[in-house]
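# Per-entry structural report
The primary structure of each chain is shown beneath.
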Amino acid sequence: MAEKLTTTIATISRFHSFEVALQLQKRQALKRIYSGLARRFLKRYPVDAGALQTFPWYQTPLEAAQRLKLLSPARSMKLEWLAKTALDRHIARTLPDCHVFMALSGIGLAAGKAAQKRNIAYICDRSSSHIAYQNELLRAEYEMLDLPYQPISERMIDREEQEYSEADTIVVPSGFAERSFVERGYAPKRLCRIPFGVNLTSFKRVCDRDDEFVVLFVGSPGVQKGFHYLLQAFVRADIPGAKLKIVGNPLGETAKLLEKFPVPGIEILGPQFQPEVVRHMSRASVLVLPSIQEGMALVQAEAMACGCPVVASTSTGSEDLFTDGEEGFILTPGDVEGLAGKMVQLHEDQSLRDTMGTKGVLRAQNIGGWDGYGDKLVALCFALAKARGHDVSISEDRLASS
């Protein structure tokens, strides 16, 4: 008789991994989820208590120190290494019997090998571009800006590349991330693209747009997010009465970017609780996200769900979320003229803003929350378990109703 498919998930913190775990739990396919955070920081995720195992001794104090800005970038990177390798070793020692083990990149090397020795399929979950590709893109950008760059350590790059090589499959969230692996010689058949979902319960339009033209940026205002390109484009657009609002925790480099590319009257609102973010998205005229590199920036789909048009770079996963010219605009990274032009176009054409906002809501709803991700992941886990000779089954009626 076939066994019920079971999967174990591992994450260093939260990220998208708990949404993934909830999808597996809904389909009765979750065995365990590991996290480096203490339970009290994970209460908003209704994962079965017996399935959650925490290893909070390194990551929890590290995140507290990072929030309080107590660590230099170099020191933070060293402690991140310690937190990831310690969690990885812990998982390798305690991994339960299951058919598939899926670990966020950076914490699956020892555990992935331990899983495969027990004939458990190992998925490396890389939520961004290839780590070396990412490092090269960011290094070039910082050098262009004449700003100091804290590179990803060679040992971390080597560690992740070993994970990529060991894994049965590498899961990525976007075409941009997938291309970064293919460009570095990885066979497309070793990659599986599964775009992230969006929480439609929390993100929806809650108020009317402001009468004034508001350009919104949500995220850490730094080089990786292309913040410097937004600053230049906003000034170049020169829209009378327009406001630029920044929601997110300023970085050490934020002040330097504002000094290089000053914007009069910019509003740095800092980090906001989710209900406030929803209100900002609902009231904004456009969300602009000109990132240099990201696996998939969920703020795009969240803004769309709130009826806010999006202007983003191709390095954000935008092409997997919306269509250029329909729900927003997609540009190449660093296209300051293009960013400025699209902001001007949206300012001058209120009908276009309204149409894109309406289409964005429908597109976000068609993404189907996280259920689409769950369906594709369970299908992948089923195939990997079968490939390793396991006689497994999944609840088809559960899948159909989820």
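Everything below is about the structure printed above this text.
Cut-offs used in this document
Residues numbered from 1 in each chain as written. Predicted model: local features only at pLDDT ≥ 70, side-chain atom pairs only at ≥ 80, totals over all residues. Heavy atoms only, no water. Helix = DSSP H or I, 4+ residues; strand = E, 2+ residues; numbered from the N terminus. Buried < 20%, exposed > 50% of the residue type's maximum accessible area, 1.4 Å probe, protein only. Contact = heavy atoms within 4.5 Å. Areas by Shrake-Rupley, 256 points an atom, 1.4 Å probe, with all protein chains shown as cover. Expected span 1.5 Å × (residues − 1). Core = buried A, V, L, I, M, F, W, Y, C linked by side-chain atoms within 4.5 Å. Axes fitted to C-alpha atoms, helices over the stretch in contact; angles between N-to-C directions. Parallel < 35°, antiparallel > 145°, perpendicular 65-115°, else oblique. Left-handed = near helix turned anticlockwise from the far one by under 90°. Nonpolar A, V, L, I, M, F, W, Y, C, P; charged D, E, K, R; others polar. Pairing = 2+ DSSP bridges. Phe/Tyr/Trp six-rings, centres within 6.5 Å; stacked < 30°, edge-to-face > 60°. Lys NZ or Arg CZ within 6 Å of the ring centre and 35° of its normal. Patch = residues over 30% accessible without salt bridge, like charges linked within 9 Å, V, L, I, M, F, W, Y side chains within 5 Å. Salt bridge = Lys/Arg side-chain N within 4 Å of Asp/Glu carboxyl O. Polar contact = N/O pair within 3.5 Å; in protein donor to acceptor, adjacent residues only side chain to side chain.

## Here's the deal with the overall build of the chain
Assigned secondary structure in the chain consists of 15 helices and 15 strands. In terms of principal-axis extent, the alpha carbons of the chain reach across some 70 × 45 × 40 Å. Per-residue burial over the chain gives 56% buried out of 402 residues. Expressed as a percentage of contacts within the chain between residues at least 6 apart in sequence, the contacts between residues at least 24 apart total 65%. For the chain, the accessible area works out to roughly 17000 Å², and carbon and sulfur atoms hold 51% of it.

## Structural notes on helix α5 (residues 131–145)
Its 15 residues give α5 an end-to-end C-alpha distance of 21 Å, which sits within 8% of 21 Å, the value for a rise of 1.5 Å per residue. Residues of α5 that are buried sit in contact with α6 (154–166), α7 (175–182), α8 (227–237) and α9 (254–260).

## Observations concerning the nonpolar core
By size, the foremost hydrophobic cluster in this structure holds 130 residues, and its most contacted members are Phe101 and Leu377. With near-sequence residues (within four places) excluded, Leu377 lies in contact with Val20, Leu24, Met102, Ile123 and Ile194.

## Considering the packing of helix α2 (residues 59–67) against helix α3 (residues 73–94)
For the pair α2 and α3, interaxial distance at closest approach is 10 Å and the crossing angle is 160°. The orientation of α2 with respect to α3, classified from their angle, is roughly antiparallel. When you trace α2 past α3, the crossing you get is left-handed. Of α3, the residues touching α2 (which contributes Gln59, Leu62 and Gln66) are Ser76, Leu79, Glu80 and Ala83. In the contact of α2 with α3, the residues fall into 3 nonpolar, 3 polar and 1 charged.

## Things to note about the sheet that holds strand β13 (residues 310–313)
Judged by pairing direction, the sheet is parallel, and its 6 strands sit side by side in the order β11-β10-β9-β12-β13-β14 without closing on themselves. One side of each edge strand has no neighbouring strand; the edge strands of this open sheet are β11 (267–270) and β14 (328–331). Averaged over all adjacent pairs, the angle separating strand axes in this sheet is 20°, with direction ignored. Packed on one face of the sheet, helix α12 (residues 336–348) meets β9 (214–218), β12 (286–289), β13 and β14 and runs near 170° to β14.

## Some remarks on the packing of aromatic side chains
According to the stated counting rule, one finds 12 aromatic pairs in the structure shown. With a centroid separation of 6.0 Å and 25° between ring planes, the pair formed by Phe101 and Tyr122 is classed as stacked. Of this pair, Phe101 sits in strand β5 (residues 100–104) while Tyr122 is found in strand β6 (residues 121–125), placing the two residues 21 residues apart along the sequence. Residue Tyr122 is classed as buried on the basis of its relative accessible area, which comes to 1%. Put simply, the rings of Tyr164, Phe181 and Tyr186 pair up and form one aromatic cluster. When the ring centre of Trp81 is taken as reference, the NZ or CZ atom of Arg159 above it lies at 5.8 Å. Just above the ring of Phe329 sits the side chain of Lys342; from NZ or CZ to the centre is 4.3 Å.

## Details of the sheet that holds strand β7 (residues 169–172)
One open sheet holds the 7 strands; their spatial order is β4-β3-β2-β5-β6-β7-β8, and the pairing between them is parallel. With one partner strand each, in any of the chains shown, β4 (52–54) and β8 (191–193) form the two edges of the open sheet. Neighbouring strand axes in the sheet, compared pairwise and without regard to direction, differ in orientation by 20° on average. Across the sheet, α3 touches β2 (7–11), β3 (30–35), β4 and β5, and the angle it forms with β3 is around 150°.

## A closer look at a nonpolar patch on the surface
Residues Trp57, Tyr58 and Leu82 make up a contiguous nonpolar surface patch of roughly 340 Å² in combined accessible area. With respect to the helices and strands, the residue Trp57 is situated in the loop between β4 and α2.

## Considering the side chain of Gln116
One can find Gln116 in helix α4 (residues 109–117). Within the local environment of Gln116, its side chain forms a polar contact with the side chain of Asp168, the two groups lying 2.8 Å apart. In this structure, Gln116 is in contact with Tyr122, Glu166, Ala167, Asp168 and Arg388, ignoring residues within four places of it in sequence.

## Notes on the pairing of β14
Side chains Gly328 and Ile330 project from β14 onto one buried face, and the interleaved Phe329 and Leu331 project onto a second face that is buried too. Taken together, the 4 bridges between β13 and β14 define a ladder with parallel strand orientation. Among the inter-strand pairings, Val310 is bridged to a residue of β14, identified as Gly328.

## Details of the environment of Pro221
On the secondary structure map, Pro221 appears in the loop between β9 and α8. Linking Pro221 and Gly248, residues 27 residues apart in sequence, is a C-alpha distance of 6.8 Å.

## Digging into unusual backbone geometry
You will see that Gln28, though not glycine, has its phi angle at about 60°, which is positive. Following the sequence through the fold, Gln28 ends up in the loop between α1 (17–26) and β3. A residue is classified by how much of its surface remains accessible, and Gln28, at 39% relative accessible area, is partly exposed. Even without glycine at this site, Asn119 takes up a positive phi of about 65°. As for its position among the elements, Asn119 is in the loop between α4 and β6. Overall, the relative accessible area of 29% leaves Asn119 in the partly exposed class.

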